Amino acid sequence: MPFRTRYTGLIDRYRDRLPVHDDTRIISLGEGNTPLIRLNNIPRIVGKEVDIYVKYEGLNPTGSFKDRGMTMAVTKAVEEGSKAIICASTGNTSAAAAAYAARAGITAFVLIPDGKIAMGKLAQAMMHGSVVIQIKGNFDDGMRLVKEVADQAPVTIVNSINPYRLQGQKTAAFEIVEELGRAPDYHCLPVGNAGNITAHWIGYCEYSSASGDHVTEACTFCKGHCKYAGGAVVGNRPKMIGYQAAGSAPFMRGAMVDDPETVATAIRIGHPQSWDSAWKVKEESGGWFDECTDAEILAAQKLLAEKEGVFCEPASATSLAGALRDIQTGKIPEGSSIVCTLTGHGLKDPDTAIAQSTRPLVNVEAKLDQVKRAILDNM
Ligand code: AN7
């Protein structure tokens, strides 16, 4: 039997569209190539004729979409001779930075808000041997400090202000277009720093242009780090919709938020780093921003877990929570195809999952009659 081609990560797969050389040492954990799952039950419950797909980014190696950007950022950091990387994080970036630094054999420094990151993410950062610096402040404070310290120490910033991050993350859009045969009509994402919504738009623009390259207007996003220029739009592009948690929704307020708060700690961000590009994505794509309450976010997380068998973290469910509301009101019309990005795995944050479970545990003695009763009572 001939050897089947092994999947070796998104840089290898999309090498011709990413800023790498033939002899670049690729730092990969096999990220990307995540499932695009068509929802079967939720559209029926909602009672609308829509095709909803969820892009399950929680199935990346460290359990979030951050791996797409981190494989690129760490690959380039190593290529440029860097021995240490640094990031501020609400949790997932730190987990990815820690893992890819371990893989590369370099040091990761991660600044996290004290007490405000989910348990799974903290476990990852610690387990992969990164230097975890807890700050008495939030993500935005951490981001400011990272920028300041990177000026004075030999460390490469791997937050999404590093342009290679968005280059890696744009590949999620490539995968979606290849799988559906076209772009969806709407693409819904949770928005924190707004790096991911920007990256997806870069990806869709590149894919939809005549030459397979991206269109000139979109070049403003890649800061010269992609390999293409020019080309007219021939394929369709989605309307990009960014949903924020109501307690940390600077795009809804039209201004930075100084004390962001939400149960969705991953997007507890008040000073988004990709502020300008996110507004451009909204304008160019004809999309919009909206906000979801914590209750709506948790309800969507639970609905997805209970009705479709898909477990994502609270922040990720923001995309579905917002989409379902817009489908119900008709803002997203029937007949539409919709992709919701589920940015992180539910196992990242077991505390929030257990805390909101409504079905009580059934406690019994280790005896047949008691177990049988528990089953028959709950059929
Ligand atoms: C699960 O890890 O910013 O709008 O420091 O972890 O690109 O910022 C996480 C962000 C959505 C928002 N969903 O993405 C970090 C961090 C999850 C996330 C977002 C994040 P961006």
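Residues numbered from 1 in each chain as written. Predicted model: local features only at pLDDT ≥ 70, side-chain atom pairs only at ≥ 80, totals over all residues. Heavy atoms only, no water.

Caption draft 1: Inspection of the packing of helix α13 (residues 294-308) against helix α14 (residues 314-329) at higher detail. Interhelical geometry of α13 versus α14 gives an angle of 95° and a closest axis separation of 7 Å. Taken as axis vectors, α13 and α14 run roughly perpendicular relative to one another. Judged by residue contacts, Glu-296, Ile-297, Leu-298, Ala-300, Gln-301, Leu-303 and Leu-304 of α13 engage Pro-314, Ala-317, Thr-318, Leu-320, Ala-321, Leu-324 and Arg-325 from α14. Residue classes in the contact of α13 with α14 are distributed as 10 nonpolar, two polar and two charged. (Axes fitted to C-alpha atoms, helices over the stretch in contact; angles between N-to-C directions. Helix = DSSP H or I, 4+ residues; strand = E, 2+ residues; numbered from the N terminus. Parallel < 35°, antiparallel > 145°, perpendicular 65-115°, else oblique. Contact = heavy atoms within 4.5 Å. Nonpolar A, V, L, I, M, F, W, Y, C, P; charged D, E, K, R; others polar.)

Caption draft 2: Seen up close, the confidence of the model for the protein chain. On average, residues of the protein chain score 94 in pLDDT, and 92% of them reach the 70 mark or higher. Of the regions scoring below 50 in pLDDT, residues 213-220 engages in 28 contacts with residues more than four places distant in sequence or in other chains. Contacts of residues 225-231 to residues separated by more than four positions or lying in other chains number 30 contacts, the stretch itself having pLDDT below 50. (pLDDT = per-residue confidence, 0-100.)

Caption draft 3: Region of interest: the sheet that holds strand β8 (residues 239-245). The mixed open sheet is built from six strands, whose spatial order is β1-β2-β10-β7-β8-β9. Here the strands that pair on one side only, and so sit at the sheet edges, are β1 (36-38) and β9 (288-292). Going from strand to strand, the sheet's axes swing by 25° on average, the running direction of each strand aside. Where β8 and β9 come together, five bridges link them in parallel fashion. (Pairing = 2+ DSSP bridges.)

Caption draft 4: The nonpolar core, seen in detail. Formed by 33 residues in total, the largest nonpolar core has its most connected members in Ile-52, Tyr-243, Leu-304, Leu-320, Ile-332, Ile-338 and Cys-340. Of all the secondary structure elements, the ones that give two or more residues to this core are α2 (42-46), β2 (51-56), β7 (186-190), β8, β9, α13, α14 and β10 (337-342). Per element, the largest residue contribution to this core is seven residues, and it comes from α14. In contact with Ile-332, other than residues within four places in its own chain, are Tyr-186, Ile-241, Tyr-243, Trp-288, Ala-323, Asp-326, Ile-327 and Ile-338. Judged by nonpolar contacts, the second largest core, of 21 residues, contains Ile-27, Ala-73, Tyr-100 and Ile-117. (Core = buried A, V, L, I, M, F, W, Y, C linked by side-chain atoms within 4.5 Å. Buried < 20%, exposed > 50% of the residue type's maximum accessible area, 1.4 Å probe, protein only.)

Caption draft 5: Geometry of the site of the ligand. Surveying the vicinity of the ligand reveals 24 residues, the closest of which are Asn-92, Thr-93, Asn-193, Ala-194 and Thr-343. Note that a nitrogen atom of the ligand is positioned 2.7 Å from one of the side-chain N or O atoms of Thr-343. Taking 480 Å² as the accessible area of the ligand by itself, protein coverage stands at 99%. At the level of secondary structure, the elements contributing two or more residues to the shell around the ligand comprise α4 (92-104), α9 (195-208) and α14. For the shell around the ligand, the class distribution of residues is 10 nonpolar, 12 polar and two charged. (Near = heavy atom within 4 Å. Polar contact = N/O pair within 3.5 Å; in protein donor to acceptor, adjacent residues only side chain to side chain. Areas by Shrake-Rupley, 256 points an atom, 1.4 Å probe, with all protein chains shown as cover.)

Caption draft 6: Structural detail: the sheet that holds strand β3 (residues 84-88). What the four strands build is an open sheet, ordered β5-β4-β3-β6; its pairing is parallel. Looking along the sheet, the strands with just one partner apiece sit at the ends: β5 (131-135) and β6 (156-157). One ladder, built from five bridges, connects β3 with strand β4 (residues 107-113); its direction is parallel. Looking across to β4, one finds that Ile-85 is bridged to Ala-108. Sheet strands touched by helix α6 (residues 139-150): β3, β4, β5 and β6. Its angle to β3, the strand with the most contacts, is close to 150°.

Caption draft 7: A look at a nonpolar patch on the surface. On the surface, Val-362, Val-364, Val-371, Ile-375, Leu-376 and Met-379 cluster together into a nonpolar patch covering about 610 Å² of accessible area. Note that Val-371 resides in helix α16 (residues 368-377). (Patch = residues over 30% accessible without salt bridge, like charges linked within 9 Å, V, L, I, M, F, W, Y side chains within 5 Å. Salt bridge = Lys/Arg side-chain N within 4 Å of Asp/Glu carboxyl O.)

Caption draft 8: α4, seen in detail. With 13 residues, α4 should cover 18 Å at 1.5 Å per step; its first-to-last C-alpha distance of 18 Å lies within 8% of that length. For α4, a buried count of 11 out of 13 residues is recorded, marking the element as mostly surrounded by other parts of the structure. By the burial criterion, the buried members of α4 are Asn-92, Thr-93, Ser-94, Ala-95, Ala-96, Ala-97, Ala-98, Ala-99, Tyr-100, Ala-101 and Ala-104. Those residues of α4 that are buried are in contact with α3 (66-79), β3, β4, α5 (119-127) and α7 (163-169). Count one or two residues on from α4 and you reach Gly-105, which has phi positive near 80°. (Expected span 1.5 Å × (residues − 1).)

Caption draft 9: How the structure looks around the environment of Ile-297. Inspection of the secondary structure puts Ile-297 in helix α13. Between the alpha carbons of Ile-297 and Asp-276 there is a distance of 26 Å; along the sequence they are 21 residues apart. The residues touching Ile-297, leaving out its near neighbours within four places in the chain, are Ala-245, Cys-292, Pro-314, Ala-317, Thr-318 and Ala-321.

Caption draft 10: Local environment of the pattern of salt bridges. As enumerated under the stated definition, the model contains 19 salt bridges in all. Across the pair Lys-116 and Glu-261 runs a salt bridge whose closest N-O atoms are separated by 3.4 Å. Residue Lys-116 is found in the loop between β4 and α5, and its partner Glu-261 is found in the loop between α11 (250-253) and α12 (275-285); the two are separated by 145 residues along the sequence. Since its relative accessible area comes to 31%, Lys-116 is described here as partly exposed.

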